[in-house]
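Structural overview
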Amino acid sequence: DAKTTQPPSMDCAEGRAANLPCNHSTISGNEYVYWYRQIHSQGPQYIIHGLKNNETNEMASLIITEDRKSSTLILPHATLRDTAVYYCIVRGVWGTYKYIFGTGTRLKVLA
Amino acid sequence: DSGVTQTPKHLITATGQRVTLRCSPRSGDLSVYWYQQSLDQGLQFLIHYYNGEERAKGNILERFSAQQFPDLHSELNLSSLELGDSALYFCASSEGGNEKLFFGSGTQLSVL
């Protein structure tokens, strides 16, 4: 699975959009980008995933660059409850049985 | 609620002891993953089972073992416990081997 690089920490003002970047320059054509978050010591929570096209769901939007070497998770209106560690994972579809989490980005939403 | 159940929620034991952590996956999910998270550390992948078969191992110590039973629940056995084994242990399940994961709320293990 491709390696990902994320900033260790970010701050965001409450009500503003939080844009969390992820670099995955060695991603291959059949690898998806997944995002999870972990609030305090709870179990991580799936947010969104995508292959090539931008994706949006009720939680967030995922923007993947055309060359697929980086992506951005967007929380459109961050709230204090979005304070968490956000993990970007790149993962193949077939034949990949490990599911490795990196160190993630610690997002703090400020009142 | 993710639908993944882990028991017990908390476990306190002494060094040298053996414990068993249990995970019940979401209904219909065939894959179970185990992770260890020490204080302020990232999630360390331990092992993955799919439909009863071991599919991948991560940084799992020889003192640790796991299995997945025919009813698809899984158990993680930790033996000869050391202080450094104190951590949160999460299990996660997915439909197959490569879809999104659903995590349980974890078992907090304290080795005294």
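Coordinates for the structure precede this section.
This write-up is about the structure you can find in this document. Everything numeric in this text was worked out from a predicted model, so none of it was measured.

1. Some points on the nonpolar core
Counting 21 residues, the largest nonpolar core has A:Leu20, A:Trp35, A:Leu73, A:Leu75, A:Tyr86 and A:Leu107 as its most contacted members. Among the elements of the structure, β2 (18–23), β3 (31–38), β4 (45–50), β6 (61–64), β7 (70–75), β8 (84–92) and β9 (105–110) of chain A are those that each provide at least two residues to this core. Element by element, the count of residues in this core is highest for β8(A), at four residues. Leave out the neighbours within four places in its chain, and A:Tyr86 touches A:Gln6, A:Leu20, A:Trp35, A:Tyr36, A:Arg37, A:Ile47, A:Leu73, A:Leu75, A:Gly104, A:Thr105 and A:Leu107. Within the second largest apolar cluster, 20 residues are counted, among which are B:Val32, B:Leu46, B:Phe64 and B:Val111.

2. Comments concerning the packing of aromatic side chains
Residues and elements named next belong to chain A. One pass over the full model with this rule turns up 17 aromatic pairs over all chains. Geometrically, the ring pair formed by Tyr36 and Tyr99 is edge-to-face, given 6.1 Å between the ring centres and 85° between the ring planes. Residue Tyr36 is located in strand β3, and its partner Tyr99 is located in the loop between β8 and β9; the two are separated by 63 residues in the primary sequence. Take Tyr36: its relative accessible area is 0%, and that puts it in the buried class.

3. Description of the sheet that holds strand β7 (residues 64–68) of chain B
Residue and element names in this part refer to chain B. Pairing in this open sheet of four strands is antiparallel, and the strands run β1-β3-β8-β7 from one edge to the other. With one partner strand each, in any of the chains shown, β1 (5–7) and β7 form the two edges of the open sheet. Pairs of neighbouring strands in the sheet enclose a mean axial angle of 15°, with direction left out of account. Two strands pair when backbone bridges link them, and strand β3 (residues 19–24) and strand β8 (residues 74–78) are joined in this way by five bridges, in the antiparallel orientation. Across the sheet, Val19 pairs through a bridge with Leu78, a residue of β8.

4. Here's the deal with the pairing of strand β9 (residues 87–94) of chain B
Residue and element names in this part refer to chain B. Of all eight residues in β9, eight are buried; the element is thus mostly enclosed. Residue alternation in β9 divides its side chains into two sets, Ala87, Tyr89, Cys91 and Ser93 and Leu88, Phe90, Ala92 and Ser94, and both sets are buried. One ladder, built from seven bridges, connects strand β4 (residues 31–37) with β9; its direction is antiparallel. Across the sheet, Val32 pairs through a bridge with Ser93, a residue of β9.

Scoring rules and cut-offs
Residues numbered from 1 in each chain as written. Chains lettered and ligands numbered in written order. Predicted model: local features only at pLDDT ≥ 70, side-chain atom pairs only at ≥ 80, totals over all residues. Heavy atoms only, no water. Core = buried A, V, L, I, M, F, W, Y, C linked by side-chain atoms within 4.5 Å. Buried < 20%, exposed > 50% of the residue type's maximum accessible area, 1.4 Å probe, protein only. Helix = DSSP H or I, 4+ residues; strand = E, 2+ residues; numbered from the N terminus. Contact = heavy atoms within 4.5 Å. Phe/Tyr/Trp six-rings, centres within 6.5 Å; stacked < 30°, edge-to-face > 60°. Pairing = 2+ DSSP bridges. Axes fitted to C-alpha atoms, helices over the stretch in contact; angles between N-to-C directions.

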